[in-house]
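Residue strings, one per chain:
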Amino acid sequence: MSLTDTPNANRLHIALFGRRNSGKSSLINALTGQDTALVSDTPGTTTDPVAKAMEIHGIGPCLFIDTPGFDDEGELGRMRIERTWKAVEKTDMAILFCGGDTSAGLSKETKEPDFTEELYWLEQLKAKGIPTILLINKTDIRKDSQALAIKVRESFGDTPVLISAKEKTGIEQIRRTILEKLPPDFGQQSITGTLVAENDLVLLVMPQDIQAPKGRLILPQVQTIRELLDKKCLIATCTTDKLPETLHALAHPPKLIITDSQVFKTVYEQKPEESKLTSFSVLFAGYKGDIHYYVKSAAAIEMLTESSRVLIAEACTHAPLSEDIGRVKLPRLLRKRIGEKLQIDIVAGTDFPQDLTPYSLVIHCGACMFNRKYVLSRIELARKQNIPMTNYGVAIAFLNGILDRIEY
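This structure is a prediction, so every number in the text was calculated from the model and none was measured.

Before going further, it helps to examine the overall build of the protein. Check the secondary structure of the protein and you find 13 helices and 14 strands. Classification of the 408 residues of the protein by burial places 51% in the buried group. Sequence separation of 24 or more characterises 74% of the internal contacts of the protein that already satisfy a separation of 6 or more. Total accessible area on the protein is roughly 19,500 Å²; 51% of this is exposed by carbon and sulfur atoms.

With that out of the way, let us pick up the layout of surface pockets. Space inside the second largest pocket adds up to approximately 590 Å³. Taken together, 18 residues line the second largest pocket, and the ones lying closest to its centre are Glu 89, Lys 128, Gln 354, Ser 377 and Leu 381. Those elements giving two or more residues to the lining of the second largest pocket turn out to be α2 (74-88), α3 (116-127) and α12 (372-384). Looking at the lining of the second largest pocket element by element, the count peaks at 7 residues for α12. Each residue belonging to the lining of the second largest pocket can be placed in one class, and the counts come to 7 nonpolar, 3 polar and 8 charged. Each of domain 1 (8-181) and domain 3 (290-400) contributes no fewer than three residues to the lining of the second largest pocket.

The tally for this structure, following the rule as stated, stands at 21 salt bridges. Of the charged contacts in the structure, one is a salt bridge between Arg 20 and Glu 73, with a shortest N-O distance of 3.8 Å. Highlighted residues: Arg 20 in the loop between β1 (12-17) and α1 (24-32) and Glu 73 in the loop between β3 (60-66) and α2, separated in sequence by 53 residues. Of the residues examined, Arg 20 reaches a relative accessible area of 18% and is grouped as buried. Given the relative accessible area of 59%, Glu 73 is considered exposed. One salt-bridge network, in which partners are shared between bridges, spans Arg 20, Asp 71, Asp 72, Glu 73 and Arg 80.

So, on to the sheet that holds strand β14 (residues 389-391). Read across the sheet, 4 strands follow the order β12-β11-β13-β14 without closing on themselves; strand pairing throughout is parallel. Each edge of the open sheet carries a strand with a single partner, namely β12 (343-348) and β14. Ignoring which end each strand starts from, the neighbouring axes of this sheet average 25° apart. When strand β13 (residues 361-364) meets β14, the two strands line up parallel, connected through 3 bridges. Across the sheet, the residue bridging to Ile 363 is Thr 390, located in β14. Lying over the sheet, helix α13 (residues 392-399) contacts β11 (309-314), β13 and β14, oriented at roughly 90° with respect to β14.

Here Ser 281 lies in helix α9 (residues 280-288). Of note is the side chain of Ser 281, whose polar atom sits 3.0 Å from the backbone nitrogen of Gly 393. If near-sequence neighbours (up to four positions away) are discounted, Ser 281 is found in contact with Ser 261, Gly 366, Asn 391, Tyr 392 and Gly 393.

All chains considered together, the criterion is met by 2 cavities of 30 Å³ or more. What the second largest cavity holds in volume is close to 30 Å³. What lines the second largest cavity is simply Lys 86, Glu 89, Thr 350, Phe 352, Gln 354, Tyr 374 and Arg 378.

Let's shift gears to the confidence of the model for the protein. Averaged over the protein, the pLDDT score is 88; the fraction of residues at 70 or greater is 88%. Segment residues 37-46 is flagged for pLDDT under 50; beyond a separation of four residues in sequence, or across chains, it makes 21 contacts in the model. In the model, residues 102-106 has pLDDT below 50 throughout and makes 12 contacts with residues more than four positions away in sequence or in other chains.

Rules used in this analysis
- Counting restarts for each chain: residues are numbered from 1 in the order of the written sequence.
- Given that the model is predicted, a residue must reach a pLDDT of at least 70 before its local features are reported, and side-chain atom pairs must reach 80 or more before they are shown or counted; all residues, however, enter totals for whole chains, interfaces and linings.
- Excluded from the side-chain calculation are hydrogens and water; included are all heavy atoms of the structure.
- Helix and strand assignments follow DSSP, with helices taken as H or I runs no shorter than four residues and strands as E runs no shorter than two, numbered in order from the N terminus.
- Partly exposed describes any residue whose relative accessible area lies between the buried limit of under 20% and the exposed limit of over 50%, with all areas from a 1.4 Å probe on protein chains only and scaled to the type maximum.
- We call two residues in contact whenever any of their non-hydrogen atoms come within 4.5 Å of each other.
- Each accessible area value is a Shrake-Rupley result obtained with a 1.4 Å probe; residue values ignore everything except the protein chains displayed when judging cover.
- Residues are called lining when one of their atoms sits within 4 Å of a cavity or pocket point, these points coming from a 1 Å grid over the protein atoms alone, where a cavity is a set in which a 1.4 Å probe fits but cannot get out and a pocket is an open set with protein on both sides within 12 Å along at least five of seven lines.
- Grid points are joined across faces, edges and corners, and a volume is the space filled by probe spheres set on the points.
- Classification used: nonpolar for Ala, Val, Leu, Ile, Met, Phe, Trp, Tyr, Cys and Pro, charged for Asp, Glu, Lys and Arg, polar for all others including Gly.
- Per the annotation, domain bounds derive from an automatic or database assignment of domains.
- Counted as salt bridges are all cases of a side-chain nitrogen of Lys or Arg within 4 Å of a carboxyl oxygen of Asp or Glu.
- Only strands joined by at least two bridges in the DSSP assignment are considered to pair.
- For helices, the fitted axis covers only the stretch in contact; all axes are lines through C-alpha atoms, and the angles between them, taken along N-to-C directions, range from 0 to 180 degrees.
- Any pair of nitrogen or oxygen atoms within 3.5 Å is treated as a polar contact; in protein, a donor-acceptor pairing is required on top of that, and neighbouring residues in sequence qualify only through side-chain atoms on both sides.
- pLDDT measures the predictor's confidence residue by residue and takes values from 0 up to 100.

Listed below in structure tokens is the structure:
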């Protein structure tokens with residue numbers, strides 16, 4: 001990804017679901033105008049979800065996800081289907097292929113279309129609130145396209161889009177339908193929300209420690225600065241050790257101070273009384289997840305004992321360094337508060353357990369590398385299992401005794 005690219009986490013995630021050889025990969029290629037996904041007449045060519053970023057006029061940055069067929073077979077097929085289910089967790093919008101290829105998906109007895117699997121997947125997508133576009137592909141070779149469309153409408157209660165990915169017909173209709181079914185709240189989230197307005201002075205305290213990439217800022221800092229510029233705020237920045245000098249140099253106290261959660265206590269003790277305080281992690285808790293659930297869940301820290309078990313989840317899969325916040329600093333704070341025998345498990349990337357019941361608390365990172373849908377799916381998983389879930393910044397503020405004095 002170049003410096004001018006939109007991060008994938010900020011793109012509309014559109015996943016394609018269907019049987020093997022239904023033309024999902026061909027549609028990805030037709031939409032992107034590139035041979036992004038491997039295409040073959042052999043069923044099961046797509047073995048792992050394949051993602052391709054592109055721009056759609058009227059929508060903006062999108063990420064198309066090509067998934068393995070949900071009718072895959074055998075042990076490898078089962079593993080592929082599991083990966084398809086993982087793609088659902090990240091999906092903002094789905095395209096569901098109906099009818100498979102010209103022979104798949106037919107009842108052995110009547111030779112009529114059997115939509116059992118498609119209906120099951122549609123039910124699961126709807127249960128997760130994912131807008132879904134029904135699609136019939138290969139209209140260039142199948143003679144029953146119109147009749148099949150009528151049966152799909154009767155079975156699914158919605159009219160499918162008819163296309164030929166190979167001949168690139170109907171592609172513009174797909175784009176129009178994506179616009180029509182766009183989730184109403186997509187792209188409406190704001191990092192800083194109503195905390196600041198035009199001409200407000202905002203001070204960013206950004207420690208450049210061993211975890212900071214040399215010569216550049218980390219993604220949450222960059223995205224926050226960009227939003228503040230768009231809001232026409234006045235921006236000042238400093239490192240933690242230069243906070244006193246920076247405050248002294250300013251003509252008046254900043255309206256808001258945004259800091260790294262690791263130095264919450266230090267900044268809180270030095271900030272002007274009239275300046276509001278928050279952190280990048282806390283802001284991203286609201287931007288990517290459910291800040292109110294995170295704040296409520298932080299109270300579970302009070303209930304932890306040395307026999308408790310805590311899960312720390314990182315979105316990144318970076319190589320941890322000596323003072324890593326999730327692997328070193330946060331566990332150190334927790335054990336100082338609870339006791340050295342507190343059990344802490346750490347997972348990274350997509351390696352997130354489906355069974356959270358062994359844990360008394362889940363603490364997630366700011367998730368700047370995940371899209372909002374994926375983070376919310378994890379929160380919903382925790383909520384259904386009655387497991388409190390908070391995030392780094394909220395947990396650190398609670399451990400420092402200042403959660404009720406920060407902004408979110």
